[in-house]
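These are the residues of each chain, in order.
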Amino acid sequence: MDNQFPIQQIMDPNGIIVSPEYKEKITADLAKSFYRQLVRIRMFDRKAISLQRQGRIGTYAPFEGQEASQVGSALALQSSDWMFPTYREHGAAFVFGHSLRNILLFWNGRNEGCIPPAGKKIFPPGIPIATQIPHAAGAALAEKMKGTKNAAIAYFGDGATSEGDFHEGINFASVCKAPVVFFNQNNQYAISVPIEKQMNSKTIAQKAIAYDIPGIRIDGNDVFTVYFETLKALERARCGKGPTLIEAVTWRYGAHTTADDPAKYRDQAASKSRRMETDPILRLERWLKNEGLYDEAWVRDIEADAAEEIEEAITEMEAFPPADPADIFNHVFAEPTWQIREQKEEYLRLVGGVST
């Protein structure tokens, strides 16, 4: 089945364009904008891990290694589109225009972290696996019913494709021809479970067959392929042709979250070799050098701008008072049930909080 769903690629790991039909579409400005965003979100990701280790934010889900999948797909969206992220797409949300301060507040346990800037349709990160997929299908259908050309993108990992919400959401979107792109970042591990132990399917893209929608498999570390294939899928959605399932094959270098130790379940030597062979930033850097567009002073400026932006967001985040533990109980129901009241009182006694 993987022969029927070959991995689409525009730029190989050496930074060479292997799909000549895209050469004219890849401008210097486009490539440089990609590079800026790739560096920007990697620096944020590394800083967030450092903040967690210092106790300045809570448990954090890193995405280093998956930057091309997030940058390419986010930049393919129009500003009026919907984004439905998981807990690992804060890079994509950042690129799409989310407030970095609020992203950090989310990881610091504050409700404000779920609020996007005015006019941005960014759903709160989906923590329960795959639950955002039916929501994305519903939002997309609503846009269709209103007669707009807006589309939605739903992100999820390979583990989500074993959940019922994945199948329900795709089936609903297929039947209704909802303008939505289902974007799977296949980093090949569902927490600690490798994909070959999780499913018998050779690919995730082939799961589209059951719902009679296009399924494509792409090199998720090639930002050009991610961008152009997501753009195609979104245009198809806007034209009333319904959803597309994209499987972006990628790799996360580090842990599932900062509470995880990947050395317990995989050979970390594979991550080290991938950094030199398939890294999304290094790949684009090689292309820029091949084209004579790489400039070290320009890269230093990008890094300095990103560092300043990140530090400003951290300062703003840390100016907020600590999150109120009662919040996790106060907003479950409009009127709390007796079970919620008891759980809240017990928890606040344990942490020394005051019931509100």
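Calculation notes
- The residue count restarts for each chain, going from 1 along the sequence in the order it is written.
- Reporting in this predicted model follows two pLDDT cut-offs: at least 70 for local features of residues, and 80 or more for side-chain atom pairs to be given and counted; totals over whole chains, interfaces and linings ignore these cut-offs and use all residues.
- Side-chain measures here rest on the full set of heavy atoms in the structure, leaving out hydrogens and waters.
- Helix and strand labels come from DSSP, where a helix needs a run of H or I of at least four residues and a strand needs a run of E of at least two; each type is numbered from the N terminus.
- Per-residue accessibility takes into account occlusion by the displayed protein chains alone, with areas from the Shrake-Rupley method and a 1.4 Å probe.
- The convention is simple: Lys and Arg are positive, Asp and Glu are negative, and His and the chain ends are not counted.
- Just so you know, the charge point we use is NZ for Lys, CZ for Arg, CG for Asp and CD for Glu.
- Partly exposed describes any residue whose relative accessible area lies between the buried limit of under 20% and the exposed limit of over 50%, with all areas from a 1.4 Å probe on protein chains only and scaled to the type maximum.
- In this description, strands pair whenever DSSP reports at least two bridges between them.
- By definition, the crossover connecting two strands over a helix is right-handed if that path, from the first strand to the second, turns clockwise as seen with the strands pointing away from the viewer.
- UniProt positions are given in the numbering used here, feature names are shortened, and annotations may be inferred rather than shown by experiment.
- The working definition used for a salt bridge is a side-chain nitrogen of Lys or Arg within 4 Å of a carboxyl oxygen of Asp or Glu.
- Here, residues are in contact when the closest pair of their heavy atoms is within 4.5 Å.
- Only the contacting stretch of a helix is used when fitting its axis, a line to C-alpha atoms as for every element, and angles between N-to-C directions run 0 to 180 degrees.
- Crossings are classed by handedness, with left-handed meaning an anticlockwise turn of the near helix from the far one by less than a right angle and right-handed meaning a clockwise turn.
- Throughout, the ten residues Ala, Val, Leu, Ile, Met, Phe, Trp, Tyr, Cys and Pro are labelled nonpolar, Asp, Glu, Lys and Arg are labelled charged, and all others, Gly among them, are labelled polar.
- Definitions used for this entry: grid spacing 1 Å over protein atoms alone; cavity, a set of points where a 1.4 Å probe fits but cannot get out; pocket, an open set with protein on both sides within 12 Å along at least 5 of 7 lines; lining residue, one with an atom within 4 Å of a point.
- Grid points are joined across faces, edges and corners, and a volume is the space filled by probe spheres set on the points.
- Here a polar contact means two N or O atoms within 3.5 Å. Within protein one must be a hydrogen donor candidate and the other an acceptor candidate, and residues neighboring in sequence count only if both atoms are side-chain atoms.
- What counts as a domain boundary in this text is fixed by an automatic or database domain assignment.

## Thoughts on the overall build of the protein chain
The number of helices and strands found in the protein chain is 13 helices and 9 strands. The principal-axis extent of the C-alpha atoms belonging to the protein chain is close to 65 × 50 × 45 Å. Accessible area of the protein chain: about 16,200 Å², with a carbon and sulfur share of 52%. Of the side chains in the protein chain, 40 bear a positive and 47 a negative charge, and the two mean positions are spaced by 3 Å.

## Looking at the pairing of strand 4 (residues 152-157)
Within strand 4, 5 of the 6 residues are buried, which leaves it mostly tucked inside the rest of the structure. Summarising the sheet, strand 2 (residues 82-84) and strand 4 pair through 3 bridges and their orientation is parallel. From the neighbouring strand, Met83 faces strand 4, where its bridge partner is Ile153. Both strand 4 and strand 5 (residues 180-186) contribute to a ladder of 6 bridges, which runs parallel. Residue pairing in the sheet places Ala152 in a bridge with Val180 of strand 5. Note on the crossover from strand 4 through helix 6 (residues 164-176) to strand 5: the handedness is right-handed.

## As for the UniProt feature "domain: Dehydrogenase E1 component" (unreviewed entry) in the protein chain
Per the UniProt record, "domain: Dehydrogenase E1 component" (unreviewed entry) is annotated on residues 39-324. In the segment residues 39-324, helix accounts for 46% and strand for 12%; the C-alpha atoms at its two ends are 34 Å apart.

## Observations regarding the pattern of salt bridges
In this structure the tally under the stated criterion is 17 salt bridges. Between Asp305 and Arg36 there is a salt bridge, with the nearest N and O atoms lying 3.9 Å from each other. You can see Asp305 sitting in helix 11 (residues 296-318) and its partner Arg36 sitting in helix 1 (residues 28-53), a full 269 residues away along the chain. Residue Asp305 is classed as partly exposed on the basis of its relative accessible area, which comes to 42%. Under the relative-accessibility criterion, Arg36 is labelled partly exposed at 35%. Arg238 is paired through a salt bridge with Asp81; the nearest N and O atoms lie 2.7 Å apart.

## With respect to the sheet that holds strand 9 (residues 244-249)
In spatial order, the strands read 1-8-9-5-4-2-3; together these 7 strands make up an open sheet with parallel pairing. Strands at the two margins of the open sheet, each flanked by one partner only, are strand 1 (7-8) and strand 3 (121-122). Pairing geometry for strand 1 and strand 8 (residues 215-219), over 2 bridges, is parallel. Within strand 8, the residue paired with Ile7 across the bridge is Arg217.

## What about the pairing of strand 8?
Of all 5 residues that make up strand 8, 4 are buried, and the element is covered over most of its length. The β-α-β motif built from strand 8, the intervening helix 8 (residues 223-238) and the parallel element strand 9 has right-handed crossover chirality.

## Re the environment of Ile170
With respect to the helices, strands and loops of the structure, Ile170 is situated in helix 6. Taking the C-alpha atoms as reference points, Ile170 and Glu89, 81 residues apart in sequence, are found 20 Å from one another. For Ile170, the residues in contact, after removing those within four places along its chain, are Ile133, Phe182, Tyr211, Ile213 and Leu245.

## Here we look at the packing of helix 2 (residues 67-76) against helix 8
Where helix 2 meets helix 8, the axes come as close as 8 Å, and the angle between the chain directions of the two elements is 35 degrees. The handedness of the crossing between helix 2 and helix 8 comes out as right-handed. Residues Ala68, Ser69, Val71, Gly72, Ser73, Leu75 and Ala76 of helix 2 form the contact with helix 8, whose participating residues are Val223, Val226, Tyr227, Thr230, Leu231, Leu234 and Arg238. Class assignment for the residues of the contact of helix 2 with helix 8 results in 9 nonpolar, 4 polar and 1 charged.

## Considerations on the layout of surface pockets
Computed from the structure, the largest pocket encloses a volume of approximately 300 Å³. Considering the residues around the largest pocket, the lining is formed by 22 residues, among which Tyr87, Ile129, Gly157, Gly159 and His256 are closest to the centre. Mapped onto the lining of the largest pocket, the elements with two or more residues apiece are strand 4 and strand 6 (189-190).

## Describing the side chain of Asn186
With respect to the helices and strands, Asn186 occurs in strand 5. At 2.9 Å, the side chain of Asn186 and the backbone nitrogen of Gln188 are in polar contact. Ignoring anything within four residues of it in the chain, the contact list for Asn186 reads Asp158, Ile195, Ile204, Glu247, Ala248, Val249 and Thr250.

## Remarks on the domain arrangement of the protein chain
When cut into domains, the protein chain gives domain 1 (20-322) and domain 2 (324-356). The C-alpha-based centres of domain 1 and domain 2 are spaced at 33 Å.

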